[in-house]
Amino acid sequence: MKKFTKKHLIFVSFMLFSMFFGAGNLIFPAFLGFSAGEHVWISLTGFILSAVGLPILGVAAVAKAGSFQTLARRVHPVFAFIFPLIIYLSIGPGLAIPRAGSLAFEMGAGPLLPEDWATAPAVLLIYTAIFFGLVFWLSLSPSKLVDRFGKLLTPIVLTLIFIIFIKSLTMPTSETGTPQGDYGPNPFFQGFLDGYLTMDALASLVFGIVVANTLRAKGVENKKTLSTCVMYAGFGAGLLLAAIYLILGFLGAYGGPYGQVENGAQVLTHVMAHLFGQSGTILLSVVFTLACLCVSIGLVTSCSQFFTSVFPRVPYKTWAIIFCVWSMATANLGLTEILNVSVPILGAIYPVAIVLIVLALVHDYIRSYSSIYIVTVTFVGLFSMVDMINTAFLAHKWNMVLVKFPLYAHGIGWLVPALAGVIIGYTIDLMKHPGKRAPVEKEAA
(Lines give C-alpha, C1' and ligand atoms only; values in the text may rest on other atoms or scores of the structure.)
Protein backbone atom coordinates (compact mmCIF):
# COMPACT_ATOMS: atom_id res chain seq x y z
CA MET A 1 0.00 0.00 0.00
CA LYS A 2 1.38 3.40 -1.00
CA LYS A 3 1.96 5.95 1.74
CA PHE A 4 -0.78 8.56 2.06
CA THR A 5 0.71 11.98 1.28
CA LYS A 6 -0.31 15.64 1.33
CA LYS A 7 -0.84 15.38 -2.43
CA HIS A 8 -3.45 12.66 -1.82
CA LEU A 9 -5.15 14.89 0.76
CA ILE A 10 -5.36 17.74 -1.76
CA PHE A 11 -7.08 15.43 -4.24
CA VAL A 12 -9.48 14.26 -1.52
CA SER A 13 -10.30 17.93 -0.81
CA PHE A 14 -10.98 18.38 -4.53
CA MET A 15 -13.23 15.32 -4.46
CA LEU A 16 -15.21 16.65 -1.48
CA PHE A 17 -15.50 20.08 -3.13
CA SER A 18 -16.91 18.50 -6.30
CA MET A 19 -19.43 16.51 -4.25
CA PHE A 20 -20.60 19.73 -2.59
CA PHE A 21 -20.48 21.86 -5.72
CA GLY A 22 -23.53 21.32 -7.88
CA ALA A 23 -25.53 23.57 -10.15
CA GLY A 24 -27.33 25.11 -7.18
CA ASN A 25 -23.98 26.37 -5.91
CA LEU A 26 -23.59 28.19 -9.21
CA ILE A 27 -26.97 29.86 -9.44
CA PHE A 28 -27.66 30.90 -5.82
CA PRO A 29 -24.60 33.15 -5.21
CA ALA A 30 -24.97 34.69 -8.67
CA PHE A 31 -28.61 35.58 -7.99
CA LEU A 32 -27.63 36.84 -4.54
CA GLY A 33 -25.11 39.20 -6.12
CA PHE A 34 -27.72 40.50 -8.56
CA SER A 35 -30.47 40.86 -5.92
CA ALA A 36 -28.32 42.31 -3.13
CA GLY A 37 -26.91 45.04 -5.38
CA GLU A 38 -24.85 47.48 -3.33
CA HIS A 39 -25.21 45.20 -0.30
CA VAL A 40 -23.57 42.29 -2.14
CA TRP A 41 -20.57 41.93 0.18
CA ILE A 42 -22.67 42.00 3.35
CA SER A 43 -25.03 39.37 1.90
CA LEU A 44 -22.12 37.26 0.69
CA THR A 45 -20.69 37.27 4.22
CA GLY A 46 -23.92 35.74 5.54
CA PHE A 47 -24.09 33.34 2.60
CA ILE A 48 -20.53 32.10 3.07
CA LEU A 49 -21.11 31.69 6.80
CA SER A 50 -23.96 29.24 6.20
CA ALA A 51 -22.98 27.77 2.82
CA VAL A 52 -19.29 27.28 3.69
CA GLY A 53 -18.85 27.64 7.44
CA LEU A 54 -21.62 25.19 8.36
CA PRO A 55 -20.44 22.45 5.95
CA ILE A 56 -16.87 22.72 7.30
CA LEU A 57 -18.20 22.48 10.86
CA GLY A 58 -20.43 19.58 9.81
CA VAL A 59 -17.52 17.61 8.40
CA ALA A 60 -15.51 18.37 11.55
CA ALA A 61 -18.42 17.33 13.81
CA VAL A 62 -18.84 13.98 12.07
CA ALA A 63 -15.10 13.38 12.07
CA LYS A 64 -14.96 14.19 15.79
CA ALA A 65 -17.90 11.92 16.62
CA GLY A 66 -16.69 9.07 14.41
CA SER A 67 -19.84 8.81 12.30
CA PHE A 68 -23.16 10.53 11.69
CA GLN A 69 -25.00 7.67 13.42
CA THR A 70 -22.84 8.03 16.55
CA LEU A 71 -23.59 11.73 16.62
CA ALA A 72 -27.34 11.26 16.15
CA ARG A 73 -27.41 8.48 18.77
CA ARG A 74 -26.51 11.03 21.42
CA VAL A 75 -30.05 12.38 21.01
CA HIS A 76 -31.90 9.03 20.98
CA PRO A 77 -31.59 5.67 19.17
CA VAL A 78 -34.87 6.31 17.33
CA PHE A 79 -33.64 9.73 16.24
CA ALA A 80 -30.39 8.10 15.09
CA PHE A 81 -32.43 5.97 12.71
CA ILE A 82 -35.03 8.49 11.50
CA PHE A 83 -33.05 11.72 11.11
CA PRO A 84 -30.26 10.27 8.93
CA LEU A 85 -32.95 8.73 6.72
CA ILE A 86 -34.61 12.15 6.33
CA ILE A 87 -31.26 13.78 5.56
CA TYR A 88 -30.22 11.18 2.98
CA LEU A 89 -33.60 11.21 1.26
CA SER A 90 -33.66 15.03 1.21
CA ILE A 91 -30.18 15.59 -0.20
CA GLY A 92 -30.52 12.49 -2.36
CA PRO A 93 -33.41 11.22 -4.47
CA GLY A 94 -36.01 13.43 -2.79
CA LEU A 95 -34.62 16.86 -3.74
CA ALA A 96 -30.96 17.42 -4.59
CA ILE A 97 -30.28 14.68 -7.17
CA PRO A 98 -33.44 15.37 -9.23
CA ARG A 99 -32.69 19.11 -9.00
CA ALA A 100 -29.22 18.48 -10.42
CA GLY A 101 -30.61 16.39 -13.26
CA SER A 102 -33.25 18.98 -14.13
CA LEU A 103 -30.73 21.84 -13.98
CA ALA A 104 -28.28 19.90 -16.14
CA PHE A 105 -30.94 19.80 -18.84
CA GLU A 106 -32.26 23.35 -18.50
CA MET A 107 -28.83 25.02 -18.33
CA GLY A 108 -26.59 22.39 -19.90
CA ALA A 109 -28.50 20.98 -22.86
CA GLY A 110 -31.53 23.28 -23.16
CA PRO A 111 -29.71 26.40 -24.44
CA LEU A 112 -28.04 24.34 -27.19
CA LEU A 113 -31.26 22.75 -28.45
CA PRO A 114 -33.98 24.16 -30.74
CA GLU A 115 -36.65 25.95 -28.71
CA ASP A 116 -39.36 23.35 -29.36
CA TRP A 117 -36.98 20.55 -28.32
CA ALA A 118 -35.92 22.34 -25.12
CA THR A 119 -39.54 22.39 -23.89
CA ALA A 120 -40.55 18.91 -25.07
CA PRO A 121 -41.18 16.41 -22.21
CA ALA A 122 -39.93 13.54 -24.37
CA VAL A 123 -36.56 15.23 -24.88
CA LEU A 124 -36.21 15.82 -21.12
CA LEU A 125 -37.02 12.15 -20.50
CA ILE A 126 -34.37 10.98 -22.99
CA TYR A 127 -31.78 13.39 -21.58
CA THR A 128 -32.36 12.43 -17.94
CA ALA A 129 -32.24 8.73 -18.88
CA ILE A 130 -28.79 9.24 -20.43
CA PHE A 131 -27.65 11.55 -17.60
CA PHE A 132 -28.61 9.19 -14.78
CA GLY A 133 -27.34 6.20 -16.72
CA LEU A 134 -23.93 7.87 -16.72
CA VAL A 135 -24.31 8.75 -13.02
CA PHE A 136 -25.09 5.11 -12.24
CA TRP A 137 -22.11 3.81 -14.21
CA LEU A 138 -19.66 6.21 -12.54
CA SER A 139 -21.14 5.43 -9.10
CA LEU A 140 -20.33 1.71 -9.34
CA SER A 141 -16.72 2.25 -8.22
CA PRO A 142 -16.76 4.57 -5.18
CA SER A 143 -13.06 3.96 -4.50
CA LYS A 144 -12.21 5.66 -7.80
CA LEU A 145 -13.94 8.92 -6.89
CA VAL A 146 -10.64 10.65 -6.03
CA ASP A 147 -9.19 9.81 -9.44
CA ARG A 148 -12.34 10.87 -11.29
CA PHE A 149 -13.22 13.97 -9.28
CA GLY A 150 -10.02 15.11 -7.61
CA LYS A 151 -7.76 14.63 -10.63
CA LEU A 152 -10.11 15.31 -13.56
CA LEU A 153 -13.59 16.80 -13.15
CA THR A 154 -12.90 19.28 -10.33
CA PRO A 155 -9.82 20.89 -11.95
CA ILE A 156 -11.81 21.28 -15.18
CA VAL A 157 -14.72 22.99 -13.40
CA LEU A 158 -12.39 25.26 -11.38
CA THR A 159 -10.40 26.19 -14.49
CA LEU A 160 -13.54 27.13 -16.40
CA ILE A 161 -14.83 29.30 -13.54
CA PHE A 162 -11.52 31.12 -13.15
CA ILE A 163 -11.38 31.73 -16.92
CA ILE A 164 -14.79 33.39 -16.63
CA PHE A 165 -13.60 35.49 -13.67
CA ILE A 166 -10.39 36.61 -15.38
CA LYS A 167 -12.33 37.55 -18.50
CA SER A 168 -14.73 39.60 -16.37
CA LEU A 169 -11.80 41.65 -15.03
CA THR A 170 -10.97 42.77 -18.57
CA MET A 171 -14.50 44.04 -19.21
CA PRO A 172 -16.05 47.27 -17.92
CA THR A 173 -18.11 46.59 -14.81
CA SER A 174 -21.68 47.78 -14.42
CA GLU A 175 -23.08 49.71 -11.48
CA THR A 176 -24.69 47.64 -8.73
CA GLY A 177 -28.45 47.86 -8.54
CA THR A 178 -30.77 48.72 -5.69
CA PRO A 179 -31.12 45.85 -3.18
CA GLN A 180 -34.30 43.88 -3.75
CA GLY A 181 -36.69 42.46 -1.16
CA ASP A 182 -35.12 41.52 2.18
CA TYR A 183 -31.64 42.25 0.81
CA GLY A 184 -32.40 45.89 1.58
CA PRO A 185 -33.27 45.84 5.31
CA ASN A 186 -31.66 42.47 6.20
CA PRO A 187 -28.83 41.74 3.74
CA PHE A 188 -26.74 39.62 6.11
CA PHE A 189 -29.57 37.42 7.36
CA GLN A 190 -31.06 37.01 3.88
CA GLY A 191 -27.66 35.88 2.63
CA PHE A 192 -27.40 33.46 5.55
CA LEU A 193 -30.80 31.94 4.70
CA ASP A 194 -29.86 31.69 1.03
CA GLY A 195 -27.01 29.43 2.10
CA TYR A 196 -29.58 26.84 3.19
CA LEU A 197 -30.55 26.30 -0.45
CA THR A 198 -27.17 24.76 -1.29
CA MET A 199 -28.00 21.90 1.15
CA ASP A 200 -24.26 21.58 1.86
CA ALA A 201 -24.57 21.64 5.66
CA LEU A 202 -26.88 18.62 5.39
CA ALA A 203 -24.58 17.00 2.86
CA SER A 204 -21.58 17.48 5.17
CA LEU A 205 -23.19 15.16 7.71
CA VAL A 206 -23.42 12.33 5.21
CA PHE A 207 -20.46 12.86 2.88
CA GLY A 208 -18.19 11.88 5.76
CA ILE A 209 -18.78 8.19 5.07
CA VAL A 210 -17.60 8.60 1.47
CA VAL A 211 -14.51 10.59 2.45
CA ALA A 212 -13.65 8.17 5.25
CA ASN A 213 -14.04 5.14 2.98
CA THR A 214 -11.91 6.82 0.31
CA LEU A 215 -9.17 7.58 2.85
CA ARG A 216 -9.25 3.99 4.10
CA ALA A 217 -8.88 2.76 0.53
CA LYS A 218 -5.79 4.99 0.28
CA GLY A 219 -4.26 3.37 3.36
CA VAL A 220 -5.41 5.60 6.26
CA GLU A 221 -6.58 3.25 9.04
CA ASN A 222 -5.71 4.97 12.32
CA LYS A 223 -8.89 6.55 13.75
CA LYS A 224 -7.21 9.75 14.93
CA THR A 225 -5.36 10.20 11.64
CA LEU A 226 -8.55 9.45 9.72
CA SER A 227 -10.48 12.06 11.71
CA THR A 228 -7.75 14.66 11.16
CA CYS A 229 -7.58 13.98 7.42
CA VAL A 230 -11.37 14.28 7.08
CA MET A 231 -11.29 17.68 8.83
CA TYR A 232 -8.43 18.92 6.65
CA ALA A 233 -10.32 17.77 3.55
CA GLY A 234 -13.39 19.67 4.75
CA PHE A 235 -11.35 22.82 5.33
CA GLY A 236 -9.72 22.58 1.90
CA ALA A 237 -13.08 22.07 0.19
CA GLY A 238 -14.50 25.02 2.15
CA LEU A 239 -11.74 27.36 0.96
CA LEU A 240 -12.49 26.44 -2.66
CA LEU A 241 -16.22 26.96 -2.14
CA ALA A 242 -15.66 30.38 -0.55
CA ALA A 243 -13.45 31.51 -3.45
CA ILE A 244 -16.03 30.40 -6.03
CA TYR A 245 -18.91 32.07 -4.16
CA LEU A 246 -17.03 35.37 -4.02
CA ILE A 247 -16.40 35.17 -7.78
CA LEU A 248 -20.01 34.32 -8.59
CA GLY A 249 -21.37 36.98 -6.24
CA PHE A 250 -19.09 39.53 -7.89
CA LEU A 251 -20.26 38.47 -11.36
CA GLY A 252 -23.90 38.70 -10.29
CA ALA A 253 -23.46 42.20 -8.88
CA TYR A 254 -21.12 43.72 -11.46
CA GLY A 255 -21.38 41.51 -14.54
CA GLY A 256 -24.37 43.16 -16.20
CA PRO A 257 -26.05 44.77 -17.99
CA TYR A 258 -29.15 42.76 -17.21
CA GLY A 259 -32.69 42.68 -18.41
CA GLN A 260 -35.47 41.19 -16.33
CA VAL A 261 -34.19 38.07 -14.54
CA GLU A 262 -35.98 35.64 -12.24
CA ASN A 263 -33.22 33.30 -11.06
CA GLY A 264 -29.47 32.77 -10.90
CA ALA A 265 -29.40 30.71 -14.08
CA GLN A 266 -30.67 33.70 -16.05
CA VAL A 267 -28.14 35.97 -14.32
CA LEU A 268 -25.28 33.71 -15.41
CA THR A 269 -26.69 33.48 -18.93
CA HIS A 270 -26.62 37.29 -19.19
CA VAL A 271 -23.09 37.41 -17.74
CA MET A 272 -21.76 34.82 -20.18
CA ALA A 273 -23.41 36.53 -23.16
CA HIS A 274 -21.87 39.84 -22.05
CA LEU A 275 -18.40 38.35 -21.60
CA PHE A 276 -18.12 35.81 -24.40
CA GLY A 277 -21.03 36.38 -26.77
CA GLN A 278 -22.58 33.24 -28.28
CA SER A 279 -19.67 31.02 -27.23
CA GLY A 280 -20.50 31.87 -23.62
CA THR A 281 -23.61 29.71 -23.86
CA ILE A 282 -21.49 26.67 -24.70
CA LEU A 283 -19.00 27.38 -21.91
CA LEU A 284 -21.80 27.81 -19.37
CA SER A 285 -23.42 24.56 -20.56
CA VAL A 286 -20.17 22.66 -19.96
CA VAL A 287 -19.75 24.12 -16.45
CA PHE A 288 -23.35 23.31 -15.47
CA THR A 289 -23.24 19.78 -16.86
CA LEU A 290 -19.98 18.90 -15.10
CA ALA A 291 -21.12 20.43 -11.80
CA CYS A 292 -24.44 18.55 -11.92
CA LEU A 293 -22.72 15.32 -12.87
CA CYS A 294 -20.19 15.58 -10.03
CA VAL A 295 -22.74 16.28 -7.31
CA SER A 296 -25.15 13.59 -8.57
CA ILE A 297 -22.43 10.92 -8.51
CA GLY A 298 -21.36 11.95 -5.02
CA LEU A 299 -24.93 11.89 -3.71
CA VAL A 300 -25.86 8.55 -5.30
CA THR A 301 -22.66 7.05 -3.90
CA SER A 302 -23.12 8.35 -0.35
CA CYS A 303 -26.84 7.48 -0.24
CA SER A 304 -26.23 3.98 -1.59
CA GLN A 305 -23.43 3.33 0.91
CA PHE A 306 -25.62 4.51 3.78
CA PHE A 307 -28.67 2.44 2.82
CA THR A 308 -26.46 -0.59 2.28
CA SER A 309 -25.20 -0.20 5.85
CA VAL A 310 -28.76 0.14 7.21
CA PHE A 311 -30.32 -2.56 5.02
CA PRO A 312 -27.38 -4.89 4.27
CA ARG A 313 -29.54 -7.49 2.51
CA VAL A 314 -29.97 -5.06 -0.39
CA PRO A 315 -26.62 -4.66 -2.21
CA TYR A 316 -25.00 -1.35 -3.07
CA LYS A 317 -25.64 -1.73 -6.79
CA THR A 318 -29.38 -2.23 -6.25
CA TRP A 319 -29.62 0.94 -4.14
CA ALA A 320 -27.73 2.87 -6.82
CA ILE A 321 -30.22 1.67 -9.44
CA ILE A 322 -33.20 2.62 -7.21
CA PHE A 323 -31.90 6.12 -6.53
CA CYS A 324 -30.96 6.81 -10.16
CA VAL A 325 -34.33 5.63 -11.50
CA TRP A 326 -36.29 7.53 -8.84
CA SER A 327 -34.23 10.69 -9.40
CA MET A 328 -34.74 10.45 -13.15
CA ALA A 329 -38.50 10.21 -12.69
CA THR A 330 -38.60 13.13 -10.21
CA ALA A 331 -36.39 15.30 -12.43
CA ASN A 332 -39.06 15.06 -15.12
CA LEU A 333 -41.50 16.94 -12.87
CA GLY A 334 -39.57 20.10 -13.70
CA LEU A 335 -37.16 22.36 -11.85
CA THR A 336 -39.78 24.85 -10.63
CA GLU A 337 -41.84 22.17 -8.90
CA ILE A 338 -38.76 20.68 -7.24
CA LEU A 339 -37.62 24.08 -5.91
CA ASN A 340 -41.10 24.92 -4.60
CA VAL A 341 -41.10 21.75 -2.52
CA SER A 342 -37.51 22.04 -1.32
CA VAL A 343 -37.66 25.46 0.39
CA PRO A 344 -40.09 24.62 3.27
CA ILE A 345 -38.55 21.16 3.79
CA LEU A 346 -35.06 22.59 4.09
CA GLY A 347 -36.38 25.24 6.48
CA ALA A 348 -37.56 22.45 8.79
CA ILE A 349 -34.44 20.26 8.58
CA TYR A 350 -31.64 22.82 8.62
CA PRO A 351 -32.08 24.20 12.16
CA VAL A 352 -31.98 20.67 13.61
CA ALA A 353 -28.81 19.92 11.64
CA ILE A 354 -27.17 23.18 12.76
CA VAL A 355 -27.95 22.49 16.42
CA LEU A 356 -26.63 18.94 16.12
CA ILE A 357 -23.38 20.21 14.58
CA VAL A 358 -22.86 22.84 17.29
CA LEU A 359 -23.55 20.37 20.11
CA ALA A 360 -21.09 17.90 18.56
CA LEU A 361 -18.35 20.52 18.47
CA VAL A 362 -18.80 21.36 22.18
CA HIS A 363 -19.43 17.76 23.18
CA ASP A 364 -16.33 17.60 25.40
CA TYR A 365 -17.91 20.27 27.61
CA ILE A 366 -21.46 18.85 27.75
CA ARG A 367 -20.87 15.09 27.58
CA SER A 368 -21.88 14.79 31.24
CA TYR A 369 -25.25 16.37 30.49
CA SER A 370 -26.86 14.05 27.97
CA SER A 371 -30.33 15.59 28.35
CA ILE A 372 -29.09 18.71 26.53
CA TYR A 373 -29.08 16.81 23.25
CA ILE A 374 -32.61 15.41 23.38
CA VAL A 375 -34.29 18.52 24.85
CA THR A 376 -32.56 20.98 22.51
CA VAL A 377 -33.16 18.92 19.36
CA THR A 378 -36.79 18.32 20.38
CA PHE A 379 -37.48 22.03 20.95
CA VAL A 380 -35.82 23.09 17.70
CA GLY A 381 -37.44 20.26 15.74
CA LEU A 382 -40.93 21.14 16.98
CA PHE A 383 -40.45 24.84 16.28
CA SER A 384 -39.13 24.15 12.79
CA MET A 385 -41.99 21.78 12.02
CA VAL A 386 -44.58 24.37 13.12
CA ASP A 387 -42.82 27.02 11.04
CA MET A 388 -42.83 24.74 7.98
CA ILE A 389 -46.56 24.00 8.37
CA ASN A 390 -47.26 27.71 8.79
CA THR A 391 -45.30 28.56 5.63
CA ALA A 392 -46.23 25.66 3.35
CA PHE A 393 -49.84 24.94 4.27
CA LEU A 394 -51.35 27.83 6.27
CA ALA A 395 -50.21 30.87 4.25
CA HIS A 396 -48.48 32.34 7.35
CA LYS A 397 -51.68 32.41 9.46
CA TRP A 398 -49.67 31.67 12.62
CA ASN A 399 -47.29 34.58 12.09
CA MET A 400 -48.94 36.63 14.84
CA VAL A 401 -47.70 34.05 17.33
CA LEU A 402 -44.37 33.13 15.75
CA VAL A 403 -43.19 36.73 15.31
CA LYS A 404 -43.04 36.99 19.08
CA PHE A 405 -39.93 34.80 18.97
CA PRO A 406 -36.84 37.04 18.73
CA LEU A 407 -35.13 37.00 15.30
CA TYR A 408 -38.07 35.15 13.69
CA ALA A 409 -38.35 37.90 11.09
CA HIS A 410 -34.71 37.20 10.18
CA GLY A 411 -35.37 33.48 9.67
CA ILE A 412 -33.65 32.21 12.81
CA GLY A 413 -36.51 32.18 15.28
CA TRP A 414 -35.40 28.67 16.28
CA LEU A 415 -32.42 30.15 18.12
CA VAL A 416 -34.40 30.93 21.30
CA PRO A 417 -35.92 27.40 21.52
CA ALA A 418 -32.38 26.06 21.06
CA LEU A 419 -30.99 28.14 23.93
CA ALA A 420 -33.98 27.19 26.08
CA GLY A 421 -33.34 23.52 25.30
CA VAL A 422 -29.71 23.79 26.41
CA ILE A 423 -30.66 25.45 29.70
CA ILE A 424 -33.54 23.06 30.46
CA GLY A 425 -31.52 19.99 29.49
CA TYR A 426 -28.66 21.12 31.71
CA THR A 427 -31.07 21.75 34.59
CA ILE A 428 -32.71 18.33 34.21
CA ASP A 429 -29.36 16.56 34.57
CA LEU A 430 -28.41 18.68 37.58
CA MET A 431 -31.74 17.78 39.26
CA LYS A 432 -31.17 14.09 38.52
CA HIS A 433 -27.78 14.23 40.18
CA PRO A 434 -27.82 17.01 42.80
CA GLY A 435 -24.47 17.95 44.25
CA LYS A 436 -22.42 16.19 41.60
CA ARG A 437 -21.85 16.12 37.87
CA ALA A 438 -24.18 14.07 35.72
CA PRO A 439 -22.73 10.69 34.66
CA VAL A 440 -20.59 10.66 31.55
CA GLU A 441 -22.43 9.32 28.54
CA LYS A 442 -21.20 6.04 27.13
CA GLU A 443 -21.48 6.02 23.38
CA ALA A 444 -21.98 2.96 21.28
CA ALA A 445 -19.04 2.08 19.12
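Use the structure listed above.
Residues numbered from 1 in each chain as written. Predicted model: local features only at pLDDT ≥ 70, side-chain atom pairs only at ≥ 80, totals over all residues. Heavy atoms only, no water.

*Asks:* Looking at this structure, how should I read the overall build of the protein chain?
*Replies:* When helices and strands are counted, the protein chain shows 20 helices and zero strands. For 445 residues, the compact-globule estimate of 2.2 N^0.38 gives 22 Å, and the protein chain sits close to it at 22 Å. Seen through its C-alpha atoms, the protein chain measures out along the principal axes to roughly 75 × 60 × 40 Å. Put simply, the protein chain has 445 residues, and 53% of those count as buried. In the protein chain, 80% of the contacts between residues at least 6 apart in sequence involve partners at least 24 apart. Carbon together with sulfur atoms contributes 69% to the accessible area of the protein chain, which is approximately 19,600 Å² in total. Measuring between centres, the 25 positive side-chain charges of the protein chain sit 19 Å from its 17 negative side-chain charges. (Helix = DSSP H or I, 4+ residues; strand = E, 2+ residues; numbered from the N terminus. Rg over C-alpha atoms; globule rule 2.2 N^0.38 Å. Buried < 20%, exposed > 50% of the residue type's maximum accessible area, 1.4 Å probe, protein only. Contact = heavy atoms within 4.5 Å. Areas by Shrake-Rupley, 256 points an atom, 1.4 Å probe, with all protein chains shown as cover. Lys, Arg positive; Asp, Glu negative; His and termini not counted. Charge placed at Lys NZ, Arg CZ, Asp CG, Glu CD.)

*Asks:* So what exactly am I meant to see when it comes to the nonpolar core here?
*Replies:* Soluble globular proteins: nonpolar side chains tend toward being buried together. Counting 140 residues, the largest nonpolar core has Phe21, Leu26, Phe83 and Trp414 as its most contacted members. Residues in contact with Trp414, not counting those within four places in the same chain, are Tyr196, Pro351, Ile354, Val355, Val380, Phe383 and Ser384. (Core = buried A, V, L, I, M, F, W, Y, C linked by side-chain atoms within 4.5 Å.)

*Asks:* What am I meant to see in the environment of Leu284 here?
*Replies:* With respect to the helices and strands, Leu284 occurs in helix α14 (residues 279-310). Overall, Leu284 belongs to the buried group, its relative accessible area being 7%. Sequence-wise, Leu284 and Met15 are 269 residues apart; in three dimensions their C-alpha atoms are separated by 21 Å. Ignoring anything within four residues of it in the chain, the contact list for Leu284 reads Met107, Leu268, Thr269 and Met272.

*Asks:* Teacher, can you tell me more about a nonpolar patch on the surface here?
*Replies:* A cluster of nonpolar side chains, Val78, Phe81, Ile82, Ile86 and Phe311, forms an exposed patch at the surface whose accessible area comes to about 410 Å². Tracing the backbone shows Ile82 in helix α5 (residues 77-94). Judged by its relative accessible area of 41%, Ile82 falls in the partly exposed class. (Patch = residues over 30% accessible without salt bridge, like charges linked within 9 Å, V, L, I, M, F, W, Y side chains within 5 Å. Salt bridge = Lys/Arg side-chain N within 4 Å of Asp/Glu carboxyl O.)

*Asks:* Help me understand the pattern of salt bridges, please; the structure alone is not making it clear to me.
*Replies:* When charged atoms on two side chains of opposite charge get close, those side chains can pair. Tallied over the full model, the rule gives two salt bridges. Close ionic contact of Lys64 with Asp364 constitutes a salt bridge, the shortest N to O distance being 3.4 Å. Of this pair, Lys64 sits in helix α3 (residues 40-65) while Asp364 sits in helix α17 (residues 363-366), and the two are 300 residues apart along the sequence. Asp364 serves as the salt-bridge partner of Arg367, at 3.8 Å between the closest nitrogen and oxygen. Of the residues examined, Arg367 reaches a relative accessible area of 28% and is grouped as partly exposed.

*Asks:* How should unusual backbone geometry be read in this particular structure?
*Replies:* Excluding glycine, residues mostly carry a negative phi; peptide bonds, for their part, are mostly trans. Although it is not a glycine, Met199 adopts a positive phi angle of roughly 65°. Summarising the element assignment, Met199 is placed in the loop between α10 (187-194) and α11 (200-217). The backbone of Leu407 shows a phi angle near 70°, a positive value even though the residue is not glycine. Along the chain, Leu407 falls in the loop between α19 (399-402) and α20 (415-432).

*Asks:* Teacher, can you tell me more about the packing of α3 against helix α12 (residues 223-254) here?
*Replies:* Packed helix pairs are characterised by how far apart their axes lie and by the angle those axes make with each other. Interhelical geometry of α3 versus α12 gives an angle of 165° and a closest axis separation of 9 Å. Here α3 is positioned roughly antiparallel relative to α12, judged by the angle of their axes. Crossing geometry of α3 relative to α12 is assigned as right-handed. The class makeup of the residues in the contact of α3 with α12 is 21 nonpolar, four polar and one charged. (Axes fitted to C-alpha atoms, helices over the stretch in contact; angles between N-to-C directions. Parallel < 35°, antiparallel > 145°, perpendicular 65-115°, else oblique. Left-handed = near helix turned anticlockwise from the far one by under 90°. Nonpolar A, V, L, I, M, F, W, Y, C, P; charged D, E, K, R; others polar.)

*Asks:* Can you walk me through empty space enclosed by the protein in this structure?
*Replies:* Applying the stated rule across the entire model yields four cavities of 30 Å³ or more. Every residue lining the largest cavity is counted, 18 residues in all, and those nearest its centre are Ala96, Arg99, Thr198, Val295 and Leu299. Secondary structure elements with two or more residues in the lining of the largest cavity: α1 (6-20), α2 (23-36), α6 (96-109), α11 and α14. With four residues, α6 is the largest single contributor of residues to the lining of the largest cavity. Here the residues of the lining of the largest cavity are counted per class, giving 12 nonpolar, four polar and two charged. Estimates place the volume of the second largest cavity at around 70 Å³. Classifying every residue of the lining of the second largest cavity gives nine nonpolar, no polar and no charged. (1 Å grid on protein atoms, 1.4 Å probe; cavity = no way out; pocket = protein on both sides within 12 Å on 5 of 7 lines; lining within 4 Å. Points joined across faces, edges and corners; volume = space filled by probe spheres on them.)

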